[in-house]
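A structural walkthrough
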Amino acid sequence: MISETIAEDCCLGNGGGIIRVCSNGNGNNSKGEEHELSEVQIKKVKVHKEMTMQDIFGDANELEDDDDEDDMEWDPLREQVTISKWFCTNCTIVNFEGAVHCHKWYLIDELNYLHANDSHCKQACGEYKESGILEHGFFASPESLEANITVSSAKSVSSKGAPEAPVSQLPASTNHTVVGFDERMLLHCEVEVKSHPHPERPDRLRAIIASLTTAGILPGKCHPITAREITHRELLKVHSLAHVEAIELTEQAISSYFTPDTYANKHSAQAARLAAGLCADLTSEIYHGRAKNGFALIRPPGHHAGVHQAMGFCLHNNAAIAALAAQAAGAKKVLIVDWDVHHGNGTQEIFDGSTSVLYVSLHRHECGRFYPGTGASYEVGVKGAEGYCVNIPWMRGGVGDKDYLFAFQYVVLPIALEFDPDFTIISAGFDAARGDPLGGCDVTPSGYACMTQMLSTLAGGKMLVILEGGYNLRSISSSATAVIKVLLGESTECCQDIGGPSGAAVQTVLEVLNIQSKYWKSLSANLTKLQSFWETYLLQHPKQGTKKKKKSRRIPPWCSMCYRKRLLYHVMYRRQLPRRPGILKMAVR
């Protein structure tokens, strides 16, 4: 019997190869004839003989030897390609080896995204691989290790041209700014190693402290306050017992998660207690006149934490604890202004039925598609507290200084002046700042300084600023420094000529005025004025009105989570359901 057995003798070159054709049954090449065949021809060669079981197992040893020989020639390590990467210290974006600056570009004008190559539409991170931002803050050059200003020269810069006195030598005076910070809050971090660093990381506080130190503000111009842990009894005034116990339980575990993006380790419960305790004590110091104002440099943040749940990186609601501390100190009315780019759903939930706490939030909403999906303009408060919840929901990203200040001028300040608070709290998230990897907006340090200046005229200047979000280290540190300079009374960064707001911002503010004017008399004049302006604007920009009408006719599926939420709100509180429902898009904050 004659059979043909084919064995590959060498690797194919340019589409061809050499094979041996063995003419005897045991596979020995008696003639040693070699023929060059193409790769296609090799695949077409078939065995013509029907092989018996004996034939199959007779050459088993030889087949095994051939397999072993082939395996020895294949080296998997030689086939692997190692790709080195590094994460930007400033924004945590991944970059590949060979790049020395972060390549991430941020879209800051989403209305002009088709022309995103224009400088006014995009903002580059560009942070140097070995960034010095944790040593010098935002003063560090993004292009090299050298800082733009040295620590020694920064400390020598003051209004009198002399170094500031150390904290221990500060005179006992009520005319100073207090700052709350404790290094133990840096121990709160994500233990589980993932493919990408968590945006809410200890470096956020390190960058702010480095900036204040480099600028000679801390220590020197601000007075620090000793941290204490909030008591169990104080926490129960805001949160449920189950919530408080769930946070405390994390001390017994190396790593815990309340939601996929809200982590905890064995130090997180203590960090959360320290953050809440600092907010309560800073409030007491300011209200009793032992300080004029203050800034709580704390983490974890808190405005997403509700009565029963931790979420959105937040464990305890620090702003709510500060508000109740102000009331315990004697304040009858407390104003909370939340300019974090995400809606403070936890703070709203806690005070939704209160007439002694006015909650005002400016946030990116996009008809419920932006995290956490709450904070529509029609959410005004419940159970007799209608009007004490004011939501200004932006319909898109790219919102900047001119839009925020426009909303302050037409909505926030008129309502705040009519409310006449005894104490003001700012939930100061800096993730609406230019360059933030999660916010996608365009507020500058000057814009934050301006908003702080406006609010400082309320409640006799008694104001506490509480850190919330913000995940670009350069943006958060420069913005926090600008705000603290306003608290110190030395800021010159307020916007002077910023131009008019965008059409989308005008439409949002007009929508809010239509709703809130039912509860606040001071808004009537602004509503009439803005309606006239909007009619003129539509005549000059007819396409603007057409686009919005088309968007308003879109109806989401009935299974939409956001629609169910809006419908539930309508059923529970018997409020009119708006015609423009949105689809909830749960995004990682």
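Refer to the structure above for everything that follows.
These numbers come from a predicted model, not from an experiment. (Residues numbered from 1 in each chain as written. Predicted model: local features only at pLDDT ≥ 70, side-chain atom pairs only at ≥ 80, totals over all residues. Heavy atoms only, no water.)

The number of helices and strands found in the protein is 19 helices and 17 strands. In the protein, which comprises 589 residues, the proportion classed as buried is 50%. Taking the contacts inside the protein whose residues are at least 6 apart along the sequence as the reference set, 71% of them involve residues at least 24 apart. As presented, the protein carries roughly 28,600 Å² of accessible surface, and 54% of it is formed by carbon and sulfur atoms. (Helix = DSSP H or I, 4+ residues; strand = E, 2+ residues; numbered from the N terminus. Buried < 20%, exposed > 50% of the residue type's maximum accessible area, 1.4 Å probe, protein only. Contact = heavy atoms within 4.5 Å. Areas by Shrake-Rupley, 256 points an atom, 1.4 Å probe, with all protein chains shown as cover.)

Counted residue by residue, strand S14 (residues 357-364) has eight buried out of eight residues, so it is predominantly covered. Alternating positions in S14 separate into two faces, Val357, Tyr359, Ser361 and His363 on one and Leu358, Val360, Leu362 and Arg364 on the other, with burial throughout. By the bridge criterion, five bridges tie strand S13 (residues 334-338) to S14 in an arrangement that is parallel. If you follow Val334 over to S14, its bridge partner there is Val357. Taken together, the six bridges between S14 and strand S15 (residues 389-394) define a ladder with parallel strand orientation. What sits directly across from Tyr359, in S15, is Cys389. (Pairing = 2+ DSSP bridges.)

A separate point is the environment of Leu455. One can find Leu455 in helix H14 (residues 445-455). Residues Leu455 and Ile426 lie 29 residues apart in sequence; the distance between their C-alpha atoms is 8.8 Å. Excluding residues within four positions of it along the chain, Leu455 makes contact with Val337, Trp339, Phe408, Val412, Leu413, Ile426 and Met463.

What follows deals with the pattern of salt bridges. If you walk through the whole model with that rule in mind, you get 14 salt bridges. Beyond isolated ion pairs, a larger network of salt bridges with shared partners links Glu229, Glu248, Glu251 and Arg273. (Salt bridge = Lys/Arg side-chain N within 4 Å of Asp/Glu carboxyl O.)

Take the packing of H14 against helix H15 (residues 473-488) next. Relative to each other, H14 and H15 sit at 30 degrees, their axes nearing to 8 Å. By the criterion of interaxial angle, the relationship of H14 to H15 is roughly parallel. As for the relative orientation of H14 and H15, their crossing is right-handed in sense. Packed against H14, whose contacting residues are Pro445, Tyr448, Ala449, Thr452 and Gln453, the element H15 presents Ser478, Ser479, Ala482, Val483, Val486 and Leu487 at the interface. (Axes fitted to C-alpha atoms, helices over the stretch in contact; angles between N-to-C directions. Parallel < 35°, antiparallel > 145°, perpendicular 65-115°, else oblique. Left-handed = near helix turned anticlockwise from the far one by under 90°.)

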